[in-house]
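Chain residues, written in single-letter form:
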Amino acid sequence: MRSSKVYAMLLVILSALWAPIVVQCKRNEKNCNAKIAEQLESLKLDLIEIASDLSGLEQLKYSLAEQRTLLTRRQCAKPLTCCECGETKCQCGCRIPESNYSYCSDIICTRSGIYQIQPENPFKQPMNVLCDQEYGSGGWTVIQYRFDGSVNFYRGWQEYKNGFGSLEGEFWLGLDRIFQLTAFKPLELVILLVDLLGVSTYARYERFEIGDESQGYVLKPVGAYSGTAGDQLTNLVGQNFTTLDKDYDAVSINCAVEYTGAWWHENCDLRSVV
């Protein structure tokens, strides 16, 4: 359907561009050939510019307008007495005591928002996270969120370790925190993508776990893949995380610099998610 609209638009443009040639020929038959040659040359340049614009439109589908990366331990499975949970989404406002929040999946039947959780020992310090209770049946911890380009993600190792941005906007939760979340109970991972044309795709993995800093935050074996975005993670198992100032990929160039984005790069053959 989009191709038909573009074709119709081109016909209108060509018709408008051709009209001056016809007018010139009727007024002065003697100079008609010269005028046609001049107009055709101008038309050629206009078509080149149109082709460039259409090429730019085609590239929109490869550009992301929104991206969320989520982790969960389990879905909303045990409603509290004050809640009524549907089959796919919990809709109510009750909460369990904050001291019981180990993961976002412990926050049964509540709205998405920023909560304080405390992963299991030996990690003593709680952390603030964004819990997504809208995707699926809820219980997801957002570890990365991009949607408006307001935060620069081309950063070094220390910032990717500690995290950056704001939980109220774009952010990266931090490799240390992601390790804490996955250290004792490997979680499920889903990456949600929306391109500039509004097309949504996703990649989901039944298991996700990384090592600590001494291991280079190595990507450990992931579970079965499902989705529509394509599996771009399974073949990266065993890779350490690469940033602009720490190159752990398998080629001579730094893939994080090549693609201006950190990730578990290997051969620079896949675009960075971050």
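Residues numbered from 1 in each chain as written. Predicted model: local features only at pLDDT ≥ 70, side-chain atom pairs only at ≥ 80, totals over all residues. Heavy atoms only, no water.

Q: Would you mind showing me how to read unusual backbone geometry here?
A: Working note: non-glycine residues mostly have negative phi, and peptide bonds are mostly trans. Of note, Y217 is a non-glycine position whose phi angle comes to about 50°, a positive value. Mapping Y217 onto the fold places it in the loop between β8 (200–208) and β9 (225–227). For Y217, a relative accessible area of 0% gives the class buried. (Helix = DSSP H or I, 4+ residues; strand = E, 2+ residues; numbered from the N terminus. Buried < 20%, exposed > 50% of the residue type's maximum accessible area, 1.4 Å probe, protein only.)

Q: Honestly, the packing of aromatic side chains in this entry has me stumped. Any pointers?
A: The geometry of an aromatic ring pair is captured by two quantities: the separation of the ring centres and the angle between the planes. Applying the stated criterion across every chain, the model contains 14 aromatic pairs. Residues Y145 and F147 carry aromatic rings whose centres are separated by 4.9 Å and whose planes lie at 40° to one another, so their mutual orientation is tilted. On the basis of relative accessibility, which here comes to 18%, the residue Y145 falls in the buried class. Above the face of the F153 ring, R146 is positioned so that its terminal group lies 4.0 Å from the ring centre. Over the aromatic face of W157 sits the side chain of K246, whose NZ or CZ is 4.8 Å from the ring centroid. (Phe/Tyr/Trp six-rings, centres within 6.5 Å; stacked < 30°, edge-to-face > 60°. Lys NZ or Arg CZ within 6 Å of the ring centre and 35° of its normal.)

Q: So what exactly am I meant to see when it comes to the pairing of β8 here?
A: Consecutive residues of a regular strand have side chains that alternate between opposite faces of the sheet. Where strand β7 (residues 187–195) lies against β8, 7 bridges are found, and the strand directions are antiparallel. By the bridge assignment for β8, I191 is matched with A203. Counting the residues that bridge the hairpin from β7 to β8 gives 4 residues, and of these G198 lies at a positive phi of roughly 85°. Here β8 runs beside β9; their pairing, made up of 3 bridges, is antiparallel. Across the sheet, Y205 pairs through a bridge with Y225, a residue of β9. (Pairing = 2+ DSSP bridges.)

Q: Honestly, the state of the cysteines in this entry has me stumped. Any pointers?
A: Here is the idea: a disulfide is a covalent bond, and it sits between the sulfur atoms of two cysteines. By the definition in use, this model includes 2 disulfides. At a sulfur-sulfur separation of 2.0 Å, the disulfide partner of C104 is C131. What sets the handedness of the C104 and C131 disulfide is the S-S torsion sign, and at about -75° it is left-handed. In this pair, C104 is assigned in the loop between β1 (64–72) and β2 (113–117) and C131 in strand β3 (residues 127–132), connecting sequence segments 27 residues apart. Just as C104 is buried, C131 falls in that class too. One disulfide bridge connects C255 with C268, the sulfur atoms lying 1.8 Å from each other. Taking the torsion about the S-S bond as the criterion, the C255 to C268 disulfide, at about -100°, is left-handed. Of this pair, C255 sits in helix α5 (residues 255–258) while C268 sits in the segment after α5, and the two are 13 residues apart along the sequence. For the pair C255 and C268, one class covers both residues: buried. (Disulfide = S-S within 2.5 Å.)

Q: Could you clarify how one ought to interpret the environment of V190 in this entry?
A: Along the chain, V190 turns up in strand β7. Distance from V190 to F208, taken between C-alpha atoms, is 9.5 Å for residues 18 residues apart in sequence. If we skip the residues at most four places from it in the chain, V190 touches R68, T69, L70, Y135, W140, Y202, A203 and R204. (Contact = heavy atoms within 4.5 Å.)

Q: In this structure, what is going on with the side chain of D132? I would like to understand it.
A: Within the secondary structure layout, D132 lies in strand β3. Exposure remark for D132: the relative accessible area of 6% places this residue in the buried category. There is a polar contact of 2.8 Å between the side chain of D132 and the backbone nitrogen of E134. Polar contacts involving the side chain of D132 include one to the main-chain amide nitrogen of Y135, which spans 3.0 Å. (Polar contact = N/O pair within 3.5 Å; in protein donor to acceptor, adjacent residues only side chain to side chain.)

Q: Explain the confidence of the model for the protein chain here, please?
A: Detailed reading of the predicted coordinates is not advisable wherever pLDDT is low. Averaged over the protein chain, the pLDDT score is 76; the fraction of residues at 70 or greater is 64%. Within the protein chain, helix α3 (residues 157–162) carries the highest mean pLDDT (98), whereas helix α1 (residues 2–27) carries the lowest (40). Within the model, pLDDT remains below 50 along residues 57–62, and this stretch shows 5 contacts once partners closer than five positions in the same chain are excluded. Below pLDDT 50 for its whole length, residues 74–97 participates in 51 contacts with residues either more than four positions away or in separate chains. (pLDDT = per-residue confidence, 0-100.)

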